[in-house]
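# Architecture and fold: a report
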Amino acid sequence: MSLFSFQYRLERKSIGLALAIIGVASIGGLVEIAPLFTIHQTVESDPDMRLYTPLELAGRNIYIREGCYACHSQMIRTLRDEVDRYGPYSLAVESKYDHPMLWGSKRTGPDLARIGEKYSDQWQVMHLNNPRDVVPVSVMPAYSWLITTELRIDDLPLHLKAQRVVGVPYTDDMIANATLDAYGQANPDSPQADGVTKRYGKATTVRAFDGRPDVLTEMDALVAYLQILGRLTDTAHKSVASAGADQ
Amino acid sequence: MISQLTRIERQRAILISLAVAVCGFLMAIAGHDDPIGIQGVLISLAGVLMIFRIGKDYYAPEPSDERFSRYYDDPAKVGIVLAMVWVVFGLAIGDWVAWQLVQPDLTFGAWSSFGRIRPVHTTSVIFGFGGNALIATSFYVMQRTSRARIPDQVAPWFVVFAYNLFCLLAVTGYMMGITQSKEYAEPEWYADILLVVAWVTYFVVYLRTLARRKEPHIYVSNWYYMAFILVVAMLHIVNNLAVPVSLGHAKSYSLFSGVQDAMTQWWYGHNAVAFFLTSGFLGMMYYFLPMRAGRPIYSYRLSIISFWGITFLYMWAGSHHLHYTALPQWVQTLGMTFSLMLLIPSWASAGNALLTLNGAWDKVRDDATLRFMMVAAVFYGLTTFEGSFMAIRTVNSLSHYTDWTIAHVHAGALGWVAMITFGSIYACVPWLWKHKSMYSARLVEVHFWLALSGTVVYVFAMWNSGLIQGLMWRTYTESGTLAYSFLDSLVAMQPYYVARAIGGLLFLIGGCVGAYNVWKTITMESAGADQVADLPQAAPAGAAVLQPAE
């Protein structure tokens, strides 16, 4: 048979064999991945979707650092029980600005795609500090160091700049004020607080997330991030028909 | 080992180590206020230690030209030892993580919380153990099947040490909170660059050795090892494209986002399973199983079908990790279809391995080393069947996000990858160190039964918990509401989490027994086993009677 005699000749040439391997192995990825960047229906459009504030971005980085994604997904599948349990199924547009995405692959704990504002800040702080204080059977680790660790904010402009390089539309104004905005978002009575809503929209949550406006902790950042989950856009809550009509 | 290098090679090795040390030093300065600084110090230390090690024996006499009549096995030997160190470490961390799900306060501060040490476990066993075993055995196999010595004595050392530095940076990084969060691709940009350099060197070593081969045909093991090296390079480079915050920051942001990132990640993730955990280890199996059984491979044609089938079909299958998600349905359907077709080449490989044992089943009964390889082939067949089954969209709706995935992964990782590796290591350690056999055949037997029982306990525990979880999440009451809260399902997991941790403990004890046995074999006094057959073909006529240098 021709395949066998072809291989019989090919396996005598190391470079030829290497090139054949690369060629054969490239096809699948090219066919499945490349079109995702070009077919515009892949991601729903929502011009009103807002960006992560510097504080929320810092919180997201803590979420990544602590490996929360290993036990919590952020992707509600198009299955009845998941929609009943967690809310409307996730749309591609909702993670449009997620570099990288945190869809997850395992639910040792529940999905968090729509956890934002389901619990109070105080509950989130207590729960992160020691989950068993509020959920006795929980097996989640205690993150007691978050409330005592000050958040590093001096380099946030660099973070926003890198985000802009990979495609997130942060403006020069947002980049220049990233440090002040992070401080202001967790300190509602400070003069910096106004700048946050000015740059990121009136609906932006400005609160002393960890209950202590005087210090900016990693707890502030992580809770700010958890409270925005599922709330960057309301596209998923619109009916399928109206979402289609927008396009 | 240094005395085997020529003066020029020693100088080159010092220069490379110096370059590594300087890179680390610059990283330490640029990142003095970031965890990357500590990583820089580590890199610098590695370079300096290496310089001292070479410097100590710098003036040792140069090796004689007689070395060209033998294979160059020192890097492979070190790779095997490192693999055994990593497996004990990685299994121990894995079992600790498993106990944390039983007793969540089993931590010692931030560095050891579940989310940080879970990737320490996965990286240590996959890349530390698996990777070192693949590099070491590939150095061994490519020389024997080519009947040629590795042409260079520095490059293979660089591959081994740079690769292990990568693993070390990865593992220490997670504990400090450095991670990209991409599963099985967690290391950050600077470690990724180091791996690319090591990997390109690896491929060049492979090609240069093949170029010197005395056999006209490239043996099937080498096809698989080459596919492993090439495709892992491709996957690694594409999936890790990212923009660092600055040269003084460990943190980077992935070039891709959302749905495109998810597809790229699982194209990578599933093919890390394919080309790291399957192709590479099939290369191992195609050499050590027939050698140990004393039988030729059953079918050359089956090897061809399975090789090209795996290389082509696997690359399409990644999207089955994203069923019912925001990934477009056409990509999900393609992934499912190709996952089902994958069963053909997978079972062709497993069948080829088992049929090779025809006529040697008495050896399987008596020889635990060969039995390791036989059981590995059986688990390979079972796991690939389960994988294709779980890739069916409706089955996946139940299994995804649950412990069933964990069961599947461990049936593959413990039953297939670890078993074929232990079998291959038990086969090649006596060959490498010129002994007639392992230190203790009884201990190999003990290890076999610990590994098998540990795997079975682990996998059954996770199958049970996964099915229960999946069913509880989707059960409705008669009035049309969800029957169980998430916490109900969590409480139901408790007994299975205990059983899983016990299964893991059995497997860990087996790994420790194996490490002890390997160590005792290495340090055993050489019996001067006959090595007439184990020489490159170009050897001068008189070389066959030379005794090993050790």
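Analysis parameters
- Residues numbered from 1 in each chain as written.
- Chains lettered and ligands numbered in written order.
- Predicted model: local features only at pLDDT ≥ 70, side-chain atom pairs only at ≥ 80, totals over all residues.
- Heavy atoms only, no water.
- Helix = DSSP H or I, 4+ residues; strand = E, 2+ residues; numbered from the N terminus.
- Rg over C-alpha atoms; globule rule 2.2 N^0.38 Å.
- Buried < 20%, exposed > 50% of the residue type's maximum accessible area, 1.4 Å probe, protein only.
- Contact = heavy atoms within 4.5 Å.
- Areas by Shrake-Rupley, 256 points an atom, 1.4 Å probe, with all protein chains shown as cover.
- Axes fitted to C-alpha atoms, helices over the stretch in contact; angles between N-to-C directions.
- Parallel < 35°, antiparallel > 145°, perpendicular 65-115°, else oblique.
- Left-handed = near helix turned anticlockwise from the far one by under 90°.
- Nonpolar A, V, L, I, M, F, W, Y, C, P; charged D, E, K, R; others polar.
- Core = buried A, V, L, I, M, F, W, Y, C linked by side-chain atoms within 4.5 Å.
- Buried area = accessible area lost by both parts, 1.4 Å probe.
- Polar contact = N/O pair within 3.5 Å; in protein donor to acceptor, adjacent residues only side chain to side chain.
- pLDDT = per-residue confidence, 0-100.
- Expected span 1.5 Å × (residues − 1).
- Bend = angle between axes of the 7 residues up to and from the residue.
- Patch = residues over 30% accessible without salt bridge, like charges linked within 9 Å, V, L, I, M, F, W, Y side chains within 5 Å.
- Salt bridge = Lys/Arg side-chain N within 4 Å of Asp/Glu carboxyl O.

## What to know about the overall build of chain B
- Across its full length, chain B carries 17 helices and two strands.
- In summary, chain B has a C-alpha radius of gyration of 24 Å against a globular reference of 24 Å for 550 residues, a match within 12%.
- For chain B, the spread of C-alpha atoms along the three principal axes comes to 85 × 65 × 40 Å.
- Here chain B holds 550 residues, and 63% of them are scored as buried.
- Partitioning the contacts of chain B with sequence separation of at least 6, the portion at a separation of at least 24 is 81%.
- Split by element, the accessible area of chain B, about 19400 Å² in all, is 71% carbon and sulfur.

## Some thoughts on the packing of helix 3 (residues 74-100) of chain B against helix 4 (residues 114-146) of chain B
All names here are of chain B.
- At a minimum axis distance of 7 Å, the contact between helix 3 and helix 4 shows a crossing angle of 155 degrees. Between helix 3 and helix 4, the interaxial angle falls into the category roughly antiparallel. By crossing handedness, the relation of helix 3 to helix 4 is classed as left-handed.
- For the contact of helix 3 with helix 4, the class distribution of residues is 20 nonpolar, eight polar and one charged.

## Some remarks on the nonpolar core
- Core analysis: the biggest nonpolar cluster contains 175 residues, and Phe139, Phe276 and Trp416 of chain B have the highest contact counts within it.
- When residues of this core are assigned to their parent elements, the largest contribution, 20 residues, is made by helix 8 (residues 258-293) of chain B.
- Counting 56 residues, the second largest nonpolar core, distinct from the first, contains Val93, Met219, Ala221 and Leu229 of chain A.

## As for the interface of chain B and chain A
- Counting from both sides, the interface comprises 98 residues of chain B and, opposite them, 86 residues of chain A.
- Between chain B and chain A, the buried area comes to about 8000 Å², and carbon and sulfur atoms account for 67% of it.
- On the chain B side of the interface with chain A, the three residues burying the most area are Tyr253, Trp308 and Tyr401 of chain B, jointly 11% of the side's total.
- At the boundary of chain B and chain A, one finds 31 residue pairs in polar contact (both at pLDDT 80 or more).
- Ranked by residues supplied to the side of chain B that touches chain A, first place goes to helix 8 of chain B with 10 residues.
- For the side of chain B that touches chain A, the class distribution of residues is 54 nonpolar, 30 polar and 14 charged.

## Digging into the confidence of the model for chain B
All names here are of chain B.
- Averaged over every residue, the pLDDT of chain B is 94; the share at 70 or more is 96%.
- Considering only residues more than four positions removed or in separate chains, one finds that residues 539-550, a stretch of pLDDT under 50, has 14 contacts.
- Interface confidence in the predicted complex, given as ipTM, is 0.94; pTM for the same model is 0.95.

## Some thoughts on helix 17 (residues 486-523) of chain B
- Compared with the 56 Å implied by 1.5 Å per residue over 38 residues, the 54 Å span of helix 17 of chain B between its first and last C-alpha is a close match.
- Considering bend angle alone, the principal kink of helix 17 of chain B is centred on Gln494 of chain B and spans about 40 degrees; proline Pro495 of chain B follows within four residues of it.

## Re the packing of helix 15 (residues 403-432) of chain B against helix 16 (residues 441-474) of chain B
Residue and element names in this part refer to chain B.
- The contact between helix 15 and helix 16 brings their axes to 7 Å, and the two run at 170 degrees. Compared by their axis directions, helix 15 and helix 16 come out roughly antiparallel. By crossing handedness, the relation of helix 15 to helix 16 is classed as left-handed.
- Tallied by class, the residues present in the contact of helix 15 with helix 16 amount to 16 nonpolar, seven polar and one charged.

## Quick look at a nonpolar patch on the surface
Residues and elements named next belong to chain B.
- Residues Leu15, Leu18, Val22, Phe25, Leu26 and Ile29 make up a contiguous nonpolar surface patch of about 580 Å² in total accessible area.
- Residue placement: Val22 occurs in helix 1 (residues 7-30).
- The exposure class assigned to Val22 is partly exposed, which follows from its relative accessible area of 41%.

## A short note on helix 13 (residues 368-390) of chain B
- Taking 1.5 Å of rise per residue, the 23 residues of helix 13 of chain B would be expected to cover 33 Å, and the 32 Å separating its terminal C-alpha atoms lies within 8% of that figure.
- Put simply, Asp367 of chain B is the residue that caps the front of helix 13 of chain B, since its side-chain oxygen is 3.0 Å from the backbone nitrogen of Thr369 of chain B.

## Some remarks on the environment of Ser388 of chain B
Residues and elements named next belong to chain B.
- Mapped onto the elements, Ser388 comes out in helix 13.
- Looking at Ser388, the relative accessible area reads 5%, which means it is buried.
- Taking the C-alpha atoms as reference points, Ser388 and Met336, 52 residues apart in sequence, are found 8.0 Å from one another.
- Setting aside its immediate chain neighbours within four residues, Ser388 contacts Ser339, Leu340 and Leu343.
- Here Ser339 takes part through its backbone oxygen, which lies 2.9 Å from a polar atom of the side chain of Ser388.

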